[in-house]
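Structure at a glance
Each chain, letter by letter, is given below.
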Amino acid sequence: AGLIVSFGEMLIDFVPTVSGVSLAEAPGFLKAPGGAPANVAIAVARLGGRCAFLGKLGDDEFGRMLAAILKDNGVDDAGVSFDAGARTALAFVTLRADGEREFMFYRNPSADMLLTEAELNLDLIRRAAIFHYGSISLITEPCRSAHLKAMEAAKEAGALLSYDPNLRLPLWPSAAEAREQILSIWDQADIIKVSDVELEFLTGTESVEDEVAMRLWRPSLKLLLVTLGEKGCKYYTKDFHGSVKSYAVKQVDTTGAGDAFVGALLGKIVEDQSALQDEKKLRELLRFANACGAITTTKKGAIPSLPTAAEAMQLMGSA
Ligand code: ATP
């Protein structure tokens, strides 16, 4: 199968050892490696696909720990660089009683934000069949220019471009700036996945009805997806649209569910792009992606709970 290259931030989430408390009340924190693009890379690899992560870490113990996690999980780390002067990004995450998350970031600036165009492994980018990215790498220079250059190089080399904006509002100077910048690269992508919350934020409308989602549609897109948590997902192509239900699981922590969904989706599309034109194939693929997302919610943390293909098929079979 072709290579998937996932571009962006990798960091450590510090998660309270008990749920439903504020950061100040937390008795202690667990290290949970994350960063959506890194989670996607590991999700692809765990499902048996070929994936590389492209991004920058601090030349510190945390950075080296994260690079080792990529390798141990079968992700190519040839695109990882290290910044001698800046730290690996950290985020403190509170898990609210309802399982949703709130973030407090330590990035002043962190190594991921300092990736430059010159540091990009262009050879790796040009070998990508699918190039995947988010929006956090768009927030500040020099990483922003590196991100735009990487997208351009991937597109020129014929890769499919996949975009999951992964809105983290506290990282942006304002909500208006977040909306504008996230949408500024909308027309370049072939595949875009948003969550229900992101759909509402980007359209300014409190609804996930088809006519609202269609405002995010562009003729340049091959596939637009809206994930709906336990309800599954909706899909839109130029020829058809619909929704696919997820599987009933006992939700513990939703961290990484969207990344598992994307990893599953891209891992299948890189094997067989015809699902982008064939609704029956696409629906089967989305059942698999939903199962992968569902499984990821059943354990704490993103990376430990990302499923293998066998686990996903088992959930699908037992439904
Ligand atoms: P993240 O929490 O990683 O930011 P997200 O908001 O991008 O995730 P979600 O919509 O929460 O994405 O989840 C992605 C997919 O995972 C959903 O489309 C669904 O298929 C599956 N999923 C998530 N939560 C559940 C759940 N409680 N039960 C069943 N499936 C779920």
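Quantities reported herein were computed from a predicted structural model and do not represent experimental measurements.

Now for helix 4 (residues 143–156). When the terminal C-alpha atoms of helix 4 are compared, their 20 Å separation across 14 residues agrees well with the 20 Å that a helix rising 1.5 Å per residue should span. For helix 4, the full list of buried residues reads Cys143, Ala146, His147, Ala150, Met151, Ala153 and Ala154. When helix 4 is viewed along its axis, its buried side chains cluster within an angular range of 165° and face the same direction. Turning to helix 4, the residues buried within the fold contact strand 1 (3–7), helix 3 (122–126), strand 8 (128–133) and strand 9 (160–163). In the segment just after helix 4, Gly158 is the residue with positive phi, at about 95°.

Examined against the element boundaries, Lys56 turns out to sit in strand 4 (residues 50–58). At 2.8 Å, the side chain of Lys56 and the side chain of Asp83 are in polar contact. For Lys56, the side chain forms a polar contact with the side chain of Glu119, separated by 3.0 Å.

So, on to the confidence of the model for the protein chain. For the protein chain, the average pLDDT comes to 95, and 99% of its residues sit at 70 or higher. Listed scores for the predicted complex are pTM 0.96 and ipTM 0.97.

Structurally, Ser243 can be placed in strand 13 (residues 241–244). Note on Ser243: relative accessible area 43%, which makes it partly exposed. Sequence separation between Ser243 and Lys231 is 12 residues, and the spatial gap between their C-alpha atoms is 9.3 Å. Excluding residues that lie within four positions of it along the chain, Ser243 makes contacts with Cys233, Lys234, Tyr235 and Arg283.

We now examine the layout of surface pockets. The calculated volume of the second largest pocket comes to roughly 170 Å³. The set of elements that each furnish at least two residues to the lining of the second largest pocket consists of helix 8 (257–271) and helix 10 (309–318). Per element, the largest residue contribution to the lining of the second largest pocket is 5 residues, and it comes from helix 8. Broken down by class, the residue content of the lining of the second largest pocket amounts to 9 nonpolar, 4 polar and 3 charged.

With that settled, the discussion passes to the environment of Ala118. Mapped onto the fold, Ala118 is located in the loop between strand 7 (101–106) and helix 3. Linking Ala118 and Glu198, residues 80 residues apart in sequence, is a C-alpha distance of 32 Å.

Turning our eyes to something else, we now look at the site of the ligand. Around the ligand sit 20 residues, and of these Lys193, Gly229, Ser246, Gln251 and Asn290 come closest. Here an oxygen atom of the ligand and a backbone polar atom of Ala257 are 3.3 Å apart. The side chain of Asn290 places a nitrogen or oxygen atom 2.7 Å from an oxygen atom of the ligand. Here the ligand loses 91% of its free accessible area of 620 Å² to cover by the protein chains. Secondary-structure elements contributing two or more residues to the shell around the ligand are strand 10 (191–195), helix 8 and helix 9 (279–296). Split by residue class, the shell around the ligand holds 5 nonpolar, 12 polar and 3 charged.

Within the structure shown, the criterion is met by 2 cavities of 30 Å³ or more. Together, Gly8, Glu9, Arg107, Asp112, Met113, Ile136, Ser137, Leu138, Ile139, Thr140 and Cys143 line the largest cavity. Along the lines of polarity and charge, the residues of the lining of the largest cavity split into 5 nonpolar, 3 polar and 3 charged. What lines the second largest cavity is Ala36, Pro37, Val40, His132, Tyr133, Gly134, Asp164, Asn166 and Asp259. For the lining of the second largest cavity, the secondary-structure elements that each account for two or more residues are helix 1 (36–46) and strand 8. With 3 residues, helix 1 is the largest single contributor of residues to the lining of the second largest cavity.

Calculation rules
- Residues numbered from 1 in each chain as written.
- Predicted model: local features only at pLDDT ≥ 70, side-chain atom pairs only at ≥ 80, totals over all residues.
- Heavy atoms only, no water.
- Helix = DSSP H or I, 4+ residues; strand = E, 2+ residues; numbered from the N terminus.
- Expected span 1.5 Å × (residues − 1).
- Buried < 20%, exposed > 50% of the residue type's maximum accessible area, 1.4 Å probe, protein only.
- Arc of directions from axis to C-beta.
- Contact = heavy atoms within 4.5 Å.
- Polar contact = N/O pair within 3.5 Å; in protein donor to acceptor, adjacent residues only side chain to side chain.
- pLDDT = per-residue confidence, 0-100.
- 1 Å grid on protein atoms, 1.4 Å probe; cavity = no way out; pocket = protein on both sides within 12 Å on 5 of 7 lines; lining within 4 Å.
- Points joined across faces, edges and corners; volume = space filled by probe spheres on them.
- Nonpolar A, V, L, I, M, F, W, Y, C, P; charged D, E, K, R; others polar.
- Near = heavy atom within 4 Å.
- Areas by Shrake-Rupley, 256 points an atom, 1.4 Å probe, with all protein chains shown as cover.

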